[in-house]
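Each chain is listed here by its residues.
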Amino acid sequence: MLNSVICTVDVVLLTLKDDRLNVALLKRDREPFKGVTTLPGGYVHPEEDVDAQEAALRVLKDKTGIVAPYLEQLATFSGSARDPRGWSVSIAHYALVPYEVIESAGHPDVKLASVDRPLVLPFDHKLIVRTAVMRLRSKSQYSSLPCYLAGEAFSLPHLQRIYEALMGEQLNKVSFRRKMTEMAMLEAIDGQMESTGAHRPAQMYRLKSEFKEELKLLERGL
């Protein structure tokens, strides 16, 4: 039993695979719960971490090899019952990456699990995942957040499918495009089109540079 408070960061790394929201999990390499699948996490290093966000970025990179284009502090989870080693506090974050980023990182221990299926996780990580998914799906109704799951370049039909997957409903094509125009966060990539089979090639877009580290909000939801 430790006498001091345990201070950690945990990261809910979310991605879309086959239009389903997935969370990245790792097997723990030490006790407690050695060998059990859990969220990427680790101790805060006060001698090197400027703040909790820097600690979360470091832990995510160390554990998965991934540098997330978007990471946001989620909530603080604390108490005497969440960790068998003693009283602990976790400053939880969630990160969004396109599936191709996880695939190209090729970390052998990273496994994806659908957030819509029952998860069996140690500590209070099931609650942390549920909180992150609720935050993402809520923000998807009125912000540019889903764009971080689309990659560097994407077509509007592809982006619409991402919004629909997160919100769990179909969106009107004309209304969606009008909202994207109102947000003024996208720019067309000259000369780059996406082949869509029998349909006309679709123009490719990217987030404007000023929005790559900042959310764009809608006055009214989608």
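For the structure, see preceding data.
What counts as what
Residues numbered from 1 in each chain as written. Predicted model: local features only at pLDDT ≥ 70, side-chain atom pairs only at ≥ 80, totals over all residues. Heavy atoms only, no water. Helix = DSSP H or I, 4+ residues; strand = E, 2+ residues; numbered from the N terminus. Rg over C-alpha atoms; globule rule 2.2 N^0.38 Å. Buried < 20%, exposed > 50% of the residue type's maximum accessible area, 1.4 Å probe, protein only. Contact = heavy atoms within 4.5 Å. Areas by Shrake-Rupley, 256 points an atom, 1.4 Å probe, with all protein chains shown as cover. 1 Å grid on protein atoms, 1.4 Å probe; cavity = no way out; pocket = protein on both sides within 12 Å on 5 of 7 lines; lining within 4 Å. Points joined across faces, edges and corners; volume = space filled by probe spheres on them. Nonpolar A, V, L, I, M, F, W, Y, C, P; charged D, E, K, R; others polar. Expected span 1.5 Å × (residues − 1). Polar contact = N/O pair within 3.5 Å; in protein donor to acceptor, adjacent residues only side chain to side chain.

**Student:** So, the overall build of the protein: which residues are in play, and what are the values?
**Tutor:** Helix and strand counts for the protein come out as five helices and 10 strands. Against the 2.2 N^0.38 benchmark of 17 Å for 222 residues, the protein shows a C-alpha radius of gyration of 19 Å, consistent with a compact globule. Across its three principal axes, the protein shows a C-alpha extent of roughly 65 × 35 × 30 Å. Considering the protein as a whole, with its 222 residues, one finds that 46% of them fall into the buried category. When contacts within the protein are restricted to residue pairs at least 6 apart in sequence, those whose partners lie at least 24 apart make up 64%. Surface exposure of the protein reaches about 12,100 Å², of which carbon and sulfur atoms provide 49%.

**Student:** Can you lay out the layout of surface pockets for me, pointing to particular residues and giving the numbers?
**Tutor:** Within this model, the largest pocket holds a volume of roughly 580 Å³. R28, D29, G41, G42 and K63 are the residues nearest the centre of the largest pocket, which is lined by 28 residues in total. Elements represented by at least two residues in the lining of the largest pocket include exactly β1 (6-17), β2 (20-27), β4 (41-43) and α1 (52-64). Among the elements that take part in the lining of the largest pocket, α1 stands out by supplying four residues, more than any other. Counted by class, the lining of the largest pocket contains seven nonpolar, eight polar and 13 charged residues. Roughly 240 Å³ of internal volume is contained in the second largest pocket. What lines the second largest pocket is a set of 13 residues, and nearest its centre among them are P69, Y148, G151, E152 and K212. A breakdown of the residues in the lining of the second largest pocket according to their chemical character gives eight nonpolar, one polar and four charged.

**Student:** Got a sec to walk through helix α4 (residues 156-167)? Specific residues and values, please.
**Tutor:** Here α4 spans 16 Å end to end across 12 residues, near enough to the 16 Å set by a 1.5 Å rise per residue. If you check the start of α4, you find a side-chain oxygen 3.2 Å away from the backbone N of H158, and it comes from S155. Phi turns positive, to about 70°, at G168, one or two residues after α4.

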